[in-house]
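Examination of the molecular architecture
Here is what each chain is made of, one letter per residue.
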Amino acid sequence: MKRAINFNAGPAAIPQEVLEKAQAEMLDWKGTGMSVMEVSHRSKEYEELHNHAQSSFREIAGMGGEWKVIFLQGGASTQFPLIPMNFLPEGGCADYLVTGHWSKSAVKEAKRFGKINVRTSEADGVFRRILKQSEIEIDPQAAYVHMTSNNTIFGTQWQYWPEVAGKSLIADMSSDIFSRPIDVSKFACIYAGAQKNLGPSGVVAMAVREDFLARAKEDLSSMFSYKVQQANNSLYNTPPCFSIYILDLTLEWIKKQGGLQGMQKVNDEKARVLYEEIDSSGGYYNNPVEKADRSKMNVVFRLPNEELEEKFVKEAKAAGIIGVKGHRSVGGIRFSIYNANLVDNVKKSVDFMKDFQKRNG
Ligand code: PMP
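Residues numbered from 1 in each chain as written. Predicted model: local features only at pLDDT ≥ 70, side-chain atom pairs only at ≥ 80, totals over all residues. Heavy atoms only, no water.

Side note on the sheet that holds strand β4 (residues 115-120)
As a general point, the strands of a sheet are linked pairwise by backbone hydrogen bonds and lie either parallel or antiparallel. The 7 strands are arranged β2-β12-β11-β10-β7-β3-β4 in an open sheet whose pairing can be described as mixed. The sheet is open, and its two borders are formed by β2 (67-72) and β4, each paired with just one other strand. Averaged over all pairs of adjacent strands, the angle between strand axes in this sheet comes to 20°, irrespective of strand direction. Contacts between helix α3 (residues 75-87) and the sheet are confined to β2, β3 (93-98), β7 (142-148), β10 (169-172), β11 (189-193) and β12 (204-209), with β12 contributing the most and set at about 25° to the helix. (Pairing = 2+ DSSP bridges. Helix = DSSP H or I, 4+ residues; strand = E, 2+ residues; numbered from the N terminus. Axes fitted to C-alpha atoms, helices over the stretch in contact; angles between N-to-C directions. Contact = heavy atoms within 4.5 Å.)

So, the side chain of R334
Its place among the elements puts R334 in strand β15 (residues 333-336). No salt bridge is formed by the buried R334, whose closest oppositely charged neighbour, D172, lies at an N-O distance of 12 Å. In terms of polar contacts, R334 uses its side chain to reach the backbone carbonyl oxygen of T152, at 2.7 Å. Not counting the four nearest positions on each side in its chain, R334 is found in contact with F7, A9, T152, I153, N298, V299, V300, G323, V324, K325, G326 and H327. (Buried < 20%, exposed > 50% of the residue type's maximum accessible area, 1.4 Å probe, protein only. Lys, Arg positive; Asp, Glu negative; His and termini not counted. Salt bridge = Lys/Arg side-chain N within 4 Å of Asp/Glu carboxyl O. Polar contact = N/O pair within 3.5 Å; in protein donor to acceptor, adjacent residues only side chain to side chain.)

Observations concerning the site of the ligand
S77, T152, D172, Q195 and K196 are the nearest of the 13 residues found near the ligand. A distance of 3.4 Å separates an oxygen atom of the ligand from a polar side-chain atom of W102. With respect to the ligand, the side chain of K196 contributes an N or O atom lying 2.8 Å from a nitrogen atom. The leading source of residues in the shell around the ligand is α3, at 4 residues. (Near = heavy atom within 4 Å.)

Focus on the nonpolar core
Residues F57, F178, I182, F187, L198 and I254 are the most contacted members of the largest nonpolar core, which totals 53 residues. It is helix α7 (residues 241-256) that contributes the most residues to this core, 9 residues altogether. Among residues more than four places away in sequence, those in contact with F57 are M63, V69, I177, F178, L198, A205, A207 and L251. Grouped together as the second largest cluster of nonpolar side chains are 33 residues, L82, F87, I153 and F154 included. (Core = buried A, V, L, I, M, F, W, Y, C linked by side-chain atoms within 4.5 Å.)

Side note on the packing of helix α2 (residues 44-61) against α7
Two numbers describe how α2 lies on α7: the axes approach to 9 Å, and their chain directions differ by 40°. Taken together, the axes of α2 and α7 lie oblique to each other. Crossing geometry of α2 relative to α7 is assigned as left-handed. Of α7, the residues touching α2 (which contributes Y46, L49, H50, H52, A53, S56, F57, E59 and I60) are C241, I244, Y245, L247, D248, L251, E252, I254 and K255. Tallied by class, residues from the contact of α2 with α7 come to 11 nonpolar, 3 polar and 4 charged. (Parallel < 35°, antiparallel > 145°, perpendicular 65-115°, else oblique. Left-handed = near helix turned anticlockwise from the far one by under 90°. Nonpolar A, V, L, I, M, F, W, Y, C, P; charged D, E, K, R; others polar.)

Side note on the pattern of salt bridges
The final tally for this structure, using the stated rule, is 25 salt bridges. Of the charged contacts, one joins E59 and K255 as a salt bridge, the two residues approaching to 3.5 Å between their closest N and O atoms. Of this pair, E59 sits in helix α2 while K255 sits in helix α7, and the two are 196 residues apart along the sequence. We classify E59 as exposed; its relative accessible area is 54%. Relative accessible area serves as the criterion here: at 25%, K255 is assigned to the partly exposed category. With a closest N to O distance of 2.8 Å, K255 and E252 form a salt bridge. Highlighted residues: K255 and E252, both in helix α7, separated by 3 residues, approximately one helical turn. Classification of E252 as partly exposed rests on a relative accessible area of 29%. Among the ionic contacts, a cluster of salt bridges with common partners joins K311, E315, D355 and R359.

Below you can see the structure in the form of structure tokens.
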């Protein structure tokens, strides 16, 4: 068996240890004689797993009991309308810090529910940087501020947590959650689709501070209400049990890597190796974003022309390096080096880059 060097942007690589554990438990999970997919979500065994995943999430993030963890479906994209539905009062407004494709999508959906103020780093239709603190003007009326911590498509990442004049800050951390320590005191709500750093698709993990949740609207359809979801411990209806199971195993794996400090160390090293190769290629590989705002999760770069980029993708695949084509909206190359990617695999890929340049320079 040969495992791919998997740089897919999401769904993405899952730690091998996690997959092996799931494989070993597939036919008989916790002595039930069933897989986790076959047990009742009302069973004692499942509930234990469900609660364990929530407490692991809090433990890893460094969140106290004032934080509630809920599991939601419909992907991060479904939270784009649900956040204003829950937290934007009638006639109110919210501030959105827009630094890439996904934060723009969040704005598009939020606008259906009220007035949205946009602070954006977009220039000429593209995003090459993160907003500076001095550009972030907060509306005194804003019910909350929304940001996207890592821009999966454009390859930029917030390297500081913005000051938002005491407003409640909500962050979509889908593409860098648990890749580095989080100062949770800055946030009222953090959410992420699991399919990059936390496991498989099918579940969104949302942590919300209880005082902020208390402000959520009441008169919503139950499935759209964060209050109802939390009050029912994310078991209002059938949860995505298997996704939560893999999420739980992935959180255990993160703890074993030394938690967020440990993850950061490895992720810093992978990003360093990759950007060093780009920067020392004499412009052959070109990372088009501001250096200070470079993402340590999604490393994007261009080659001298599109034909070479196509060749690069094809030859990388033949060499066992998968998922390196940039997002269809921007082109180029993207290596998504999420938590589960090994330093060694990044080094092997850098060897491939050197060799490719030598042959095609
Ligand atoms: N936010 C970010 C930062 C993302 O990278 C993505 C997916 N790539 C999404 C939101 C959308 O996630 P989903 O597909 O789970 O709706």
